[in-house]
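# Topology and contacts: notes
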Amino acid sequence: MKLFKNTDIENFSAEDVWRLYRNYVNNSQVDLISKFGFGEDIAIKAEKNFIFTKSGKKIYDFTGGIGVLNHGHNNEKILKIRKWYQENKFMEIHKNFFSPYVAALSSNIANLLPGDLNISYFSNSGSDANEGAIKLAYKYHEGKRDYILSSNISFHGKKLVASNITNSRETKYFKFQELVKSENFEFNDFESLSKKISQIKKNGKCNIYAIILEPFSASSLLSLSEEFLRKTRKLCDDLDIVLIFDEVYSGWAKTGNLFYFMNYDGLIPDIVTSGKSLGGGKASISAYTCRNKFFKKAYDNLRDATLHSTTFNGLGEETATAIEAVNIIIDDNYVEKSKRIHKFLNKGLIELQNRFPNIIKEVRGAGALNGVIINTDFSDRYLQPIISLLPSKFAKDEYAIKKIIVSSYISALYDDYNILTFYGSNKDLPLKISCPINIEDESLRYFLISFEKLLQKGTFDTLKIL
Ligand SMILES: Cc1ncc(COP(=O)(O)O)c(C=O)c1O
């Protein structure tokens, strides 16, 4: 029997890791990722916005850790707080003693959020937070209403319930069992939303207990309009529908405000969910934060006080890490920094779009989460020669071609410029360019210069790299 020790791991080659993945983790994942330069290498260390690989490369990480890395890799202040926690042997978990960390983090969040968004529950993933919010909304209506509505462009997670209300190409391809009754409406279309609500009735009364929205959709880089959000807020007030904003990705200064919904004065959801960078890049912690009235009615009695909890919710060190992460966001003015990144990148990307209109169809984004839509239009004369080179089974699938072309840009940025990017799983598959909020200008400039060089080569040459 061979049991690895942690010290064995530094001697693993990429092939060793592939082999173990093939046998013990996920065989096809190796086929998917090992074709990219980053799949052939191993990341051994990461700091700020850089990843250092076994083959000696220094990579500019422009994924933002898929939302997790507002503070960058291994932020010094975050590491220090975790060390402090460990060296003092503070208690990690207990259900009998109150957690002073949970108390403090919840109080901080209540102080930072507008209105009476005061009550927080901490869990581990974004899906956990959303599912907690959905349960609370259902319980608020004492199980008397049956449906939750979500947008036809949405991503709320991959756990069973979260995937029921998610509408992205990736997750809708296979329909898992419906655990919640859900319907969807057209993105940013108030008429479509109100029509759905009036169609779903029970004994002539409203049968919707909640609406879940992403004010800024990270998977498509599209935002809901202020008009849509305000009208939806009013409708939810009129019909007593619980309005949930999913800011798991967009929250904690990622998209240019502390939360995206805070761009609009007086617009307050009944529950907001967050996660990802709440853990400062080190802790897996998420939260739902709820207005007083809703929590009170749903759970505030002796019988129901612990109706929703998990073993690991509110772990000590995770929660202490989140307290530090939130303080850094405020003390180091991440909101202003995030806005500045957007100004810088958006200006540069629009200039590139003006120079390469055949390749960049659209520039999208907010704060430190930006991106471009790469032109993959079949009818485009410029792309015709490439499409004709692809195997016919791909050439028929619009999304397969989009994936191939966007992936070729990701691959070329990595191989030729040491830049790691990724694409969004939703409408138009945006090539996402995201970064830690404390990134230095030099890295942003490096990205724009490198991307310009790649665009000069054009899609035809870039595709050949794959
Ligand atoms: C908006 C949004 N909600 C929920 C989730 C799910 O979070 P997790 O993957 O931590 O379950 C994500 C993940 O990317 C997300 O972007």
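The structure contained in this document is the topic of the report that follows.

Cut-offs used in this document
Residues numbered from 1 in each chain as written. Predicted model: local features only at pLDDT ≥ 70, side-chain atom pairs only at ≥ 80, totals over all residues. Heavy atoms only, no water. Phe/Tyr/Trp six-rings, centres within 6.5 Å; stacked < 30°, edge-to-face > 60°. Helix = DSSP H or I, 4+ residues; strand = E, 2+ residues; numbered from the N terminus. Buried < 20%, exposed > 50% of the residue type's maximum accessible area, 1.4 Å probe, protein only. Disulfide = S-S within 2.5 Å. Contact = heavy atoms within 4.5 Å. Expected span 1.5 Å × (residues − 1). Arc of directions from axis to C-beta. Polar contact = N/O pair within 3.5 Å; in protein donor to acceptor, adjacent residues only side chain to side chain. Near = heavy atom within 4 Å. Areas by Shrake-Rupley, 256 points an atom, 1.4 Å probe, with all protein chains shown as cover. Nonpolar A, V, L, I, M, F, W, Y, C, P; charged D, E, K, R; others polar.

### Some remarks on the packing of aromatic side chains
Where two aromatic rings form a pair, the distance of their centres and the angle of their planes describe that pair. Applying the stated criterion across every chain, the model contains 24 aromatic pairs. When the ring of Phe90 is compared with that of Tyr101, the centres are 6.5 Å apart and the planes differ by 50°; the resulting orientation is tilted. Placement of Phe90 in the loop between helix H4 (76–87) and helix H5 (100–112) and of Tyr101 in helix H5 is noted, with a sequence separation of 11 residues between them. The exposure class of Phe90 is partly exposed, given its relative accessible area of 30%. For the ring pair Tyr140 and Phe294, a centre distance of 4.6 Å and an interplane angle of 45° mean the geometry is tilted. Of this pair, Tyr140 sits in helix H6 (residues 126–140) while Phe294 sits in helix H11 (residues 292–299); the two residues are 154 residues apart in sequence, bridging distant segments of the chain.

### Focus: the state of the cysteines
Counted according to the given criterion, the structure contains 0 disulfides. The thiol sulfur of Cys290 is not disulfide-bonded, and the nearest other cysteine sulfur, from Cys236, lies at 14 Å.

### Quick look at the environment of Asp240
Looking at where Asp240 falls in the secondary structure, it is placed in the loop between helix H10 (226–239) and strand E12 (242–246). What Asp240 contacts, discounting residues up to four positions off in sequence, is Tyr140, His141, Arg145 and Lys293.

### A short note on H4
Taking 1.5 Å of rise per residue, 12 residues should cover 16 Å, and H4 covers 16 Å from first to last C-alpha, within 8% of that figure. Three or more residues of H4 are buried, namely Ile78, Ile81, Arg82 and Tyr85. Along the long axis of H4, the arc covered by the buried residues comes to 95°, so they all point the same way. Residues of H4 that are exposed and point over 90 degrees away from its buried face: Glu76, Lys80, Lys83 and Glu87. Check the buried side of H4 and you find it contacts H5 and helix H12 (316–331). Residue Asn75 occupies the N-cap position of H4, its side-chain oxygen lying 2.9 Å from the main-chain nitrogen of Lys77.

### What about the site of the ligand?
Around the ligand, the surrounding shell consists of Ser125, Gly126, Ser127, Asn130, Phe155, His156, Gly157, Glu214, Asp246, Val248, Tyr249 and Lys276. Here Gly126 contributes a backbone N or O atom positioned 2.8 Å from an oxygen atom of the ligand. Lys276 has a polar side-chain atom sitting 2.8 Å from an oxygen atom of the ligand. The fraction of the free accessible surface of the ligand (390 Å²) that becomes covered by protein chains is 80%. At 3 residues, H6 tops the list of elements feeding residues into the shell around the ligand. Considering only residue class, the shell around the ligand consists of 3 nonpolar, 6 polar and 3 charged.

### Some words on the environment of Tyr288
Position of Tyr288 relative to the elements: it lies in strand E14 (residues 286–291). Considered as a pair, Tyr288 and Asp128 are 160 residues apart in the sequence and their alpha carbons are 8.9 Å apart.

### Observations regarding the environment of Asn313
Within the element layout of this structure, Asn313 appears in the loop between H11 and H12. Residue class for Asn313 comes out buried when judged on its relative accessible area of 16%. Along the sequence, Asn313 and Tyr121 sit 192 residues apart, while their C-alpha atoms lie 8.1 Å from each other. Non-local contacts of Asn313, meaning those with residues more than four positions away in its chain, are made with Lys95, Tyr121, Phe122 and Ser123.

Interpretation note: all reported values are geometric properties and have no functional meaning in isolation.
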